[in-house]
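Summary of the model geometry
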Protein chains: 2
Amino acid sequence: MRLYVLGGGQLALMMCWESQRIPVHFSVYDPDPSAPAYRCAKRPSDPLEEVDKADAVTFEFENVDISLAERAEKLGKLRPPLAYLKVKKSRIEERALMDSIGVPTVPWRRAANWEEAIKIAESMGRAYVKVPTGGYDGKGQYIYPHEAALIRGLAGELLVEEYVDIRREFSIVAARAENGDVYFYPPAENFYVHGILVWNYAPTKVPEEVYEHVHRILEWGKYVGVIAVEFFEARDGRVLVNEIAPRVHNTGHWTLETDASQFENHVRAVLGLPLRRPRAMAPTAMVNILGVGLGRLPLAELERLGRVYWYYKAEARPRRKMGHLNITAGSVEEAAARAREALRLIYGADFPKLVMRSRPSP
Amino acid sequence: MRLYVLGGGQLALMMCWESQRIPVHFSVYDPDPSAPAYRCAKRPSDPLEEVDKADAVTFEFENVDISLAERAEKLGKLRPPLAYLKVKKSRIEERALMDSIGVPTVPWRRAANWEEAIKIAESMGRAYVKVPTGGYDGKGQYIYPHEAALIRGLAGELLVEEYVDIRREFSIVAARAENGDVYFYPPAENFYVHGILVWNYAPTKVPEEVYEHVHRILEWGKYVGVIAVEFFEARDGRVLVNEIAPRVHNTGHWTLETDASQFENHVRAVLGLPLRRPRAMAPTAMVNILGVGLGRLPLAELERLGRVYWYYKAEARPRRKMGHLNITAGSVEEAAARAREALRLIYGADFPKLVMRSRPSP
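Residues numbered from 1 in each chain as written. Chains lettered and ligands numbered in written order. Predicted model: local features only at pLDDT ≥ 70, side-chain atom pairs only at ≥ 80, totals over all residues. Heavy atoms only, no water.

**Here we look at the overall build of chain A**
When helices and strands are tallied, chain A shows twelve helices and 16 strands. The globule rule puts the C-alpha radius of gyration for 362 residues at 21 Å, and the 20 Å found for chain A is close to it. The C-alpha extent of chain A, read off along each of the three principal axes, is 60 × 50 × 40 Å. Per-residue burial for chain A yields a buried fraction of 61% across its 362 residues. (Helix = DSSP H or I, 4+ residues; strand = E, 2+ residues; numbered from the N terminus. Rg over C-alpha atoms; globule rule 2.2 N^0.38 Å. Buried < 20%, exposed > 50% of the residue type's maximum accessible area, 1.4 Å probe, protein only.)

**What about the domain arrangement of chain A?**
On domain assignment, one finds that chain A holds domain 1 (2-78), domain 2 (107-162) and domain 3 (166-356). Distance from the C-alpha centre of domain 1 of chain A to the C-alpha centre of domain 2 of chain A: 35 Å. (Domains from an automatic or database assignment.)

**Quick notes on the packing of aromatic side chains**
Residue and element names in this part refer to chain B. If you walk through the whole model with that rule in mind, you get 18 aromatic pairs over all chains. Summarising the aromatic geometry, the rings of Tyr84 and Trp220 are spaced 5.0 Å apart at their centres and angled 85° between planes, so their arrangement reads as edge-to-face. Of this pair, Tyr84 sits in helix 4 (residues 82-88) while Trp220 sits in helix 8 (residues 209-220), and the two are 136 residues apart along the sequence. Plain terms: the ring middles of Phe170 and Phe231 are 5.1 Å apart, the flat faces sit at 15° to each other, and that makes the pair stacked. Remark: Phe231 occurs in strand 12 (residues 225-234) and Phe170 occurs in strand 8 (residues 166-176); sequence separation between them is 61 residues. (Phe/Tyr/Trp six-rings, centres within 6.5 Å; stacked < 30°, edge-to-face > 60°.)

**Some remarks on the confidence of the model for chain A**
Looking at chain A, the pLDDT average stands at 92 and 95% of residues meet or exceed 70. Across residues 354-362 of chain A, where pLDDT falls below 50, the model places 24 contacts with residues more than four positions away in sequence or in other chains. (pLDDT = per-residue confidence, 0-100. Contact = heavy atoms within 4.5 Å.)

**Observations regarding the packing of helix 1 (residues 10-17) of chain B against helix 9 (residues 262-270) of chain B**
Each pair of packed helices can be described by the angle between their axes along with the distance between the axes. All names here are of chain B. The N-to-C vectors of helix 1 and helix 9 enclose an angle of 80°; their axes lie 8 Å apart at closest approach. One way to sum up the angle between helix 1 and helix 9 is to call them roughly perpendicular. Where helix 1 approaches helix 9, its residues Leu11, Met14 and Met15 are matched on the opposing element by Phe263, His266 and Val267. Looking at side-chain class alone, the contact of helix 1 with helix 9 contains five nonpolar, one polar and no charged residues. (Axes fitted to C-alpha atoms, helices over the stretch in contact; angles between N-to-C directions. Parallel < 35°, antiparallel > 145°, perpendicular 65-115°, else oblique. Nonpolar A, V, L, I, M, F, W, Y, C, P; charged D, E, K, R; others polar.)

**Focus: the environment of His266 of chain A**
All names here are of chain A. Relative to the elements of secondary structure, His266 occurs in helix 9 (residues 262-270). By relative accessible area, which is 0% here, His266 ends up buried. Once the C-alpha coordinates of His266 and Ile227 are considered, the two residues, 39 residues apart in sequence, prove to be 8.6 Å apart.

**Some remarks on the relation of the copies chain B and chain A**
Each copy superposes on the other: chain B lies on chain A with an RMSD of 0.1 Å after a rotation of 180° and an axial shift of 0.0 Å. As the rotation angle and translation indicate, the two copies are arranged about a two-fold axis. Across chain B, the rotation axis passes nearest the C-alpha of Ala280 of chain B, at a separation of 3.0 Å. Comparing interface residues between copies, 100% of those in chain B also lie at the interface in chain A; the contact surface is shared. (Least-squares fit on C-alpha atoms with pLDDT ≥ 70 in both.)

**Quick word on the state of the cysteines**
What we call a disulfide is simply a covalent bond connecting the sulfur atoms of a pair of cysteines. All names here are of chain A. A complete count under the given rule lists two disulfides over all chains for this structure. Across the disulfide from Cys16 sits Cys40; the S-S distance is 2.1 Å. The sign of the -85° torsion about the S-S bond sets the Cys16-Cys40 disulfide as left-handed. You can see Cys16 sitting in helix 1 (residues 10-17) and its partner Cys40 sitting in the loop between strand 2 (25-29) and helix 2 (47-53), a full 24 residues away along the chain. The exposure class assigned to Cys16 is buried, which follows from its relative accessible area of 3%. For Cys40, a relative accessible area of 16% gives the class buried. (Disulfide = S-S within 2.5 Å.)

**A closer look at the pairing of strand 16 (residues 321-328) of chain B**
All names here are of chain B. Extensive coverage of strand 16 is indicated by the burial of eight of its eight residues. Of the pairings in the sheet, the one linking strand 14 (residues 284-290) to strand 16 comprises seven bridges and is antiparallel in character. Across the sheet, the residue bridging to Ile289 is Gly323, located in strand 16. Pairing geometry for strand 15 (residues 307-310) and strand 16, over four bridges, is antiparallel. Across the sheet, residue Tyr309 finds its bridge partner in strand 16, namely His324. (Pairing = 2+ DSSP bridges.)

**Points about the pairing of strand 3 (residues 56-59) of chain B**
All names here are of chain B. Residues Ala56 and Thr58 of strand 3 are buried on one face, and the alternating residues Val57 and Phe59, pointing to the opposite face, are buried as well. Note that strand 1 (residues 2-6) and strand 3 share four bridges and pair parallel. The residue of strand 3 that forms the bridge with Val5 is Thr58.

**A look at the interface of chain B and chain A**
At the interface, 34 residues of chain B touch 34 residues of chain A. Here chain B packs against chain A, burying approximately 2,900 Å² in sum over the two surfaces, 49% of which is carbon and sulfur. Interface area lost by chain B to chain A is led by Gln20, Arg21 and Arg307 of chain B, which between them contribute 23%. Put simply, Arg268 of chain A and Glu303 of chain B hold a salt bridge, and the shortest N to O gap is 2.4 Å. If you look at where chain B meets chain A, you find 17 residue pairs in polar contact (both at pLDDT 80 or more). (Buried area = accessible area lost by both parts, 1.4 Å probe. Salt bridge = Lys/Arg side-chain N within 4 Å of Asp/Glu carboxyl O. Polar contact = N/O pair within 3.5 Å; in protein donor to acceptor, adjacent residues only side chain to side chain.)

**Notes on helix 11 (residues 332-347) of chain A**
All names here are of chain A. Between its first and last C-alpha atoms helix 11 spans 22 Å; for 16 residues at 1.5 Å apiece the expected length is 22 Å, and the two agree. Buried within helix 11 we find Ala335, Ala336, Arg338, Ala339, Ala342, Leu343 and Ile346. Across the axial projection of helix 11, the buried residues extend over an arc of 165°, all falling on one side. Phi turns positive one or two residues past the end of helix 11, at Gly348, with a value near 100°. (Expected span 1.5 Å × (residues − 1). Arc of directions from axis to C-beta.)

So, in C-alpha cells, the structure goes:
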C-alpha cells in the first residue's frame, strides 16, 4: 500500500509514526526539505508522479498544492474528497455550507468590502471581521470596534460575525470510513490564547445535538478520514459550529493515548481499512509546547507528568507548535491539574492565569 | 539524549518506534546493513566511538558484540548490567545462578561430555540434553531417548535436564528502574511449536510466588530495563523458571496495546526516565507471523482482527519472525478465539491443532 500525504508538518509526522507498524509506503509532499514529516516519511522524486503511484492521497492542512489534490481527486484517490478542501478555501463558503445543511453557526453576513464590513459590524454592535482566506491560528480575524483600525483597508470580500458571548469551546473529532461507518472520539474542551490552542482535555459532556451536526457535515460530501468540528457553547445555551477541519487536528492529539488514535484511524480510513474503535480510555489532557526549543524543554519533568511528543522542527519561533504533552489520569480534574503543572513547567508561573481564559474578549 | 542499541533486529526496531515521540538520538549496532532497525534508527559511523558518545547502551539480544558491551559497562553506560549478559552466555551458568539465588528450575546436571550426558539422561529416564551456548528458539536441545542419535558426538560440556511433564508455559515481563522501582506486566500464557513461540495471551493467573522469583533475579545484579522470565508449570504443580531473557521479549509484544509497552519502559529505564505504569489494559492475544512474506500476508483481514506489526525483514525464511498481530478483546476467551482465526488466516486450516500443543513431548 502506498499513501501520499500533502503537507509535511507535525500532523503528517504523527500519521507516519502511527503507520510504521504496517507495511505502508508513506510519502509526503512538502517543498521544505526540513519539514518534520521527512524524519519518518519518504520524499518522492516527482511530486506529481507520486499521485499516480499512490493508492490513496490525503492532506494534513487545507492550503495544499491544489494541482496535486485535483489530480488525486480525478484519479479517485483523494480522501477526504476535494469538496471539503474547496469549502475550506473560504470562511464564507464554509459558513454558507453550514447554513445549507442546517448546521448552526455564529450569525454571519457577507460583506463586499471593508466599508460594508464595518457598517454590518456596527449594526451588530460587537463583531468579528474575518478575512475569508488564508487565516488560521487566530490570524486574519479582527474584533470590532476594538480593532476597527486594522479592518480599514482590508482587501476584497469579508466575513462579519456577530459577537457571541462564549461559555466554552469544544470539539468533536470523528472518523468516517468509505463504507459509511462513523466513529466519534469523546468531545474535548479546548483552551485558546489569542486564537492558538494551548491545552485541552477529554472527555467533556456536550449536548447530544452536536453529533447530528457532525453527521450532516460528514454525509454532505461522503467524507472519508478524520475530521474535527469546533464548537462554541454560548452563554445563552446555543451550540454553534465555529469551523471544521477536514483532517487530523490539534484538539485530537490526546487520542494518541487511546489504542486507536485519530492518526491511525485517518490512515486506516483513507487506505480503505476498517476503523478501530478505541477500548478503555483514560481522562486525558493535552498541553501544546509553543515556541520552546529543546534546550529549554524540561523533558524529564514533563515525562513524569505524561508523554511528550516532539515534532523536531528546525527552529523554535514564538507561537510555533514545537511539540505537545499528553497526560492520562484517573479523572479529568486530575488531568487538568497536571496540565496546569505542565504549563508552569513549560512557560513559567504566570501562564496558567492566561490560558484559563478561553478567548480574548472584544 | 543518546541511546545506542546493540543489535538491529525487530526488538530494536520496536524500541525505536516507541522512542520516536521523544527527542532521543537512537542508534543501532548491527553488521547487517539490511537489519530491520535501520528503517528507524541511525547507523553510527564508528561503532566503538558511539559507545563513548551515548548516554546509555543497551542490547536487544544476548549474542551481542561483547567488546562493545564491555566498553559500555566500563563507562557505566550498559543497562541492563553486563553480569546478566555473561550469565546468558551459558545455559549452565544460568541454571547455576538460579540455584544460587533460590529460584527453582527444572532439575538439572552438568555433563562434561556427550557420553556422560547420555549416562545422566539414562538415569533420569526421559531428559533434555542441551548445548550450553548459542541455542535459541528451540535450537541446540535434544530429547533423550528420542533424539539420542543427535546427542552422540556433541562437543564439550552439556546441560542435562529432567523431563518434566508440563501443564503450561507462561512468562512475566517486568521492568526495573535505576531507583529500584519495579513494574510487572500481567503474566502471559505462551504456546510454542518446536521451541518457537507461535502465540500467547495475557493476562493469565499464575501462583503468587513467581513475582518473588522475578524479584530475586532483578535484585541479584541490580537490573535496569525490561526482563522476561519464562516459567513452566508442571502437571505436579511445581512452578519452574525455564529461562530468563535480559531484554524486551517476544512474549511481551502484546504490551504494545497498553499505554506503556515493554519497549517504551525499557527505553525509559535505560535512559533514567521514570517507568510508566500502564492504565486500563484489555485482554490481548499476540500471534507471531513466521516465515510468511508480504505477498502472502492477508493484511486487510488481519487488520480486522487486530493490529499487525511488520518487521520489514529483507527475506521470508521458514520459522523467521516476520511480524506479529496483537488482538485486544473483551475477554481472553474472545482474544484467543480471534487468535485462532488469525492462525488460520496466516497458516491455513491445519495449523491451530498444531499450535495448541504447547511443547513437543519426548
